[in-house]
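Coordinate inspection notes
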Amino acid sequence: MEENDKRFKPKAGYQLISEDDESEPEILDIPKTEEEVKPTTERKRQRKLTSEVWADFEFIKPQKNGELRCKCKRCGKDFNAESKSGTGNLKRHLDRCKKRCYRDVGQMLLESGSGGSLANRAPDFNPNVFRELLTMAVVKHELPFQFVEYEGIRKCFNYLNPDLNIVSRNTIKADLIKKFKNEKMRVKEVLSVAPGRIAFTSDCWSSITTDGYMSFTAHFIDSAWRLQKLILNFSFLPPPHTGLAMSNHIYSLLKEWGIQKKVFSITLDNASSNDCMADFLKSEIDLVCEGAYFHVRCCAHIMNLIVQDGLKEIDEAIYKVRESVKYCKGSQSRKQKFFNSVAHVELQSSRGLRQDVQTR
């Protein structure tokens, strides 16, 4: 037995029985030795968490099988947190989590290519950029300066960012003037580096209150051989609207933009005052070929004059058509009767009634 004891030493947890015993070996709960006890609850040292998703998740007590788990701080749903599993499942959950709170709705943008789904924008908010965008919106949509003081607009801005300092109409006006000056300096630089001479167009209008206005537009080829068109001025033109007064006005604009030595031509309509204005400007500006190509008459205006002279031959018929259109458009009931008559004779037209403008 001593030899057998040495050769068949029982392992921890088992008891050796005799050969005469026909019963099955019984597993006993015998304590293991210190050498045989292995630490099963100790885990490897946790790596540093670098993903942004961990701000929305927290670790929970490991499972019986030793699997590392985490749960969402908002909805409480648990996920596998093993490093080999990655963080893709956690990111997808954040996109779908129903209890996730977006405190700043201003940081939600509609993605054009995602079917209208909402996505997070960068959290940085620059109030200076916001003011510039607001100023450009006022210009682009021709909004009044008081637009920024509307109660409903202020509520919308406060909802997007409660800490936003909403400016007044006077501040928007000052920002707009500042923006205009910056753009004017930029256009000056563009005109100064234009490789060739500049052609101009100008025209005058009268408002409903009979106030006179003049436009002044520059046309030139840039260094990349692209045709550029820039409106340099649209301003009030006080009387008298004589050739001398208009020439002084245009020459002052040329000096203001610093391009009085880069003039090639100017296109005007056929008013007699424009002929005088062109003659006065020729004596003040250094022109190509002594101004032989300076004054260009507007072809569209010449064509309009030809058409107006031709219509005089059927002036009586044109007068009746104009008066008929005025009569039908004089009230809604007359206009409706006219459309009923058109439908009765089965005429296909969607334009309706149009009144002509003699100057166009």
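Before going into details, it helps to say that this report is about the structure given with it. (Residues numbered from 1 in each chain as written. Predicted model: local features only at pLDDT ≥ 70, side-chain atom pairs only at ≥ 80, totals over all residues. Heavy atoms only, no water.)

We now examine the overall build of the chain. Secondary structure summary: the chain contains 10 helices and 10 strands in total. Evaluated residue by residue, the chain yields a buried proportion of 22% over its 360 residues. Here the contacts in the chain between residues at least 6 apart in sequence split such that 46% fall between residues at least 24 apart. Accessible surface for the chain amounts to roughly 27,900 Å². Of this, 53% is attributable to carbon and sulfur atoms. (Helix = DSSP H or I, 4+ residues; strand = E, 2+ residues; numbered from the N terminus. Buried < 20%, exposed > 50% of the residue type's maximum accessible area, 1.4 Å probe, protein only. Contact = heavy atoms within 4.5 Å. Areas by Shrake-Rupley, 256 points an atom, 1.4 Å probe, with all protein chains shown as cover.)

Turning to the sheet that holds strand β2 (residues 69–72), a few remarks are in order. Strand order in the open sheet made by the 3 strands is β1-β2-β3, with antiparallel pairing throughout. Whereas interior strands pair on both sides, the edge strands pair on one side only; in this sheet they are β1 (57–59) and β3 (78–80). Between one strand and the next, the sheet's axes are offset by a mean angle of 35°, whatever the strand orientation. Examined bridge by bridge, β2 and β3 share 3 bridges and lie antiparallel to one another. Of the residues in β3, the one forming a bridge with K71 is D78. The strands that helix α2 (residues 88–96) touches are β1, β2 and β3; relative to β3, the one it contacts most, it runs at about 155°. (Pairing = 2+ DSSP bridges. Axes fitted to C-alpha atoms, helices over the stretch in contact; angles between N-to-C directions.)

In total, this model carries 9 aromatic pairs according to the counting rule given. Both rings, one in F200 and one in F216, keep their centres 4.9 Å apart while their planes meet at 5°; by these two values the pair is stacked. Remark: F216 occurs in strand β7 (residues 212–221) and F200 occurs in strand β6 (residues 198–206); sequence separation between them is 16 residues. Across the pair, exposure class does not vary: F200 and F216 are buried alike. A ring pair is formed by Y213 and F236, whose centres lie 5.9 Å apart and whose planes are at 75°; its orientation type is edge-to-face. In this pair, Y213 sits in strand β7 while F236 sits in strand β8 (residues 227–236), placing the two residues 23 residues apart along the sequence. Accessibility expressed as a relative area gives 28% for Y213, which makes it partly exposed. A connected cluster of aromatic rings, assembled from ring pairs, spans W205, Y213, F234 and F236. Note that K184 overlies the ring of W257, its terminal NZ or CZ placed 5.4 Å from the centroid. Lying across the ring of Y327, R334 places its NZ or CZ 4.2 Å from the centre. (Phe/Tyr/Trp six-rings, centres within 6.5 Å; stacked < 30°, edge-to-face > 60°. Lys NZ or Arg CZ within 6 Å of the ring centre and 35° of its normal.)

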